[in-house]
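# Report on the structure
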Amino acid sequence: VGDLMRFKVSAPFHKPVNNRTAPGYSQVVTNPIDLGQMSRKTRHCEYDSASAFLADVDLMRDNAAAYNTDGRGDVHVPVHAAHLAEKARELIASRQEDVERLEQEVIVQRAADA
């Protein structure tokens, strides 16, 4: 998540969106997610796989597209979200061995906690 947050275009995704800065957001987006929440979920081992993490990245992208349309919001935000989703996939692919090791560590940790 930290690598994604370092991209300049990621700034709108660092914190939760609220209705004050994005009027009507909660009526359009019923399952919000942001990089800050994803970072917390990563720290707390809430993702059991890279695909679970990517599902949240895709949710963030889809939320951006759903809200920022029809003259509402910023037309650049969905483009930036799609770029971040692509970068997330590239980063995971480039670190496949580390990802697989971490997935196994999460499985072991969850078994120990059970």
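Located above this text is the structure these notes cover.
Residues numbered from 1 in each chain as written. Predicted model: local features only at pLDDT ≥ 70, side-chain atom pairs only at ≥ 80, totals over all residues. Heavy atoms only, no water.

## Quick word on the overall build of the chain
On a plain count of helices and strands, the chain comes out with six helices and zero strands. With respect to the principal axes defined by its C-alpha atoms, the chain has extents near 50 × 30 × 20 Å. Within the chain, the fraction of its 114 residues that count as buried is 30%. Summarising the internal contacts of the chain: among those between residues at least 6 apart in sequence, 63% fall at separations of at least 24. For the chain, the accessible area works out to roughly 7,100 Å², and carbon and sulfur atoms hold 54% of it. (Helix = DSSP H or I, 4+ residues; strand = E, 2+ residues; numbered from the N terminus. Buried < 20%, exposed > 50% of the residue type's maximum accessible area, 1.4 Å probe, protein only. Contact = heavy atoms within 4.5 Å. Areas by Shrake-Rupley, 256 points an atom, 1.4 Å probe, with all protein chains shown as cover.)

## Section: the nonpolar core
Counting 20 residues, the largest nonpolar core has Phe-13, Met-38 and Phe-53 as the members making the most contacts within it. Among the secondary structure elements, those contributing two or more residues to this core are helix 3 (35–43), helix 4 (50–67) and helix 5 (76–94). Ranked by the residues each element gives to this core, the list is headed by helix 4, at seven residues. Contacts of Met-38, omitting those with residues within four sequence positions, involve Val-1, Ile-33, Tyr-47, Phe-53, Asp-56 and Val-57. (Core = buried A, V, L, I, M, F, W, Y, C linked by side-chain atoms within 4.5 Å.)

## With respect to the packing of helix 4 against helix 5
Any two packed helices are characterised by how steeply their axes cross, that is the angle between the axes, and by the distance between the axes. Packing of helix 4 against helix 5 brings their axes to within 7 Å, and their N-to-C directions diverge by 170°. The angle between helix 4 and helix 5 places the two elements in the roughly antiparallel class. Packed against helix 4, whose contacting residues are Ala-50, Phe-53, Leu-54, Val-57, Asp-58, Met-60, Arg-61, Ala-64 and Ala-65, the element helix 5 presents Val-77, Pro-78, Ala-81, Ala-82, Leu-84, Ala-85, Ala-88, Arg-89 and Ile-92 at the interface. A breakdown of the residues in the contact of helix 4 with helix 5 according to their chemical character gives 15 nonpolar, no polar and three charged. (Axes fitted to C-alpha atoms, helices over the stretch in contact; angles between N-to-C directions. Parallel < 35°, antiparallel > 145°, perpendicular 65-115°, else oblique. Nonpolar A, V, L, I, M, F, W, Y, C, P; charged D, E, K, R; others polar.)

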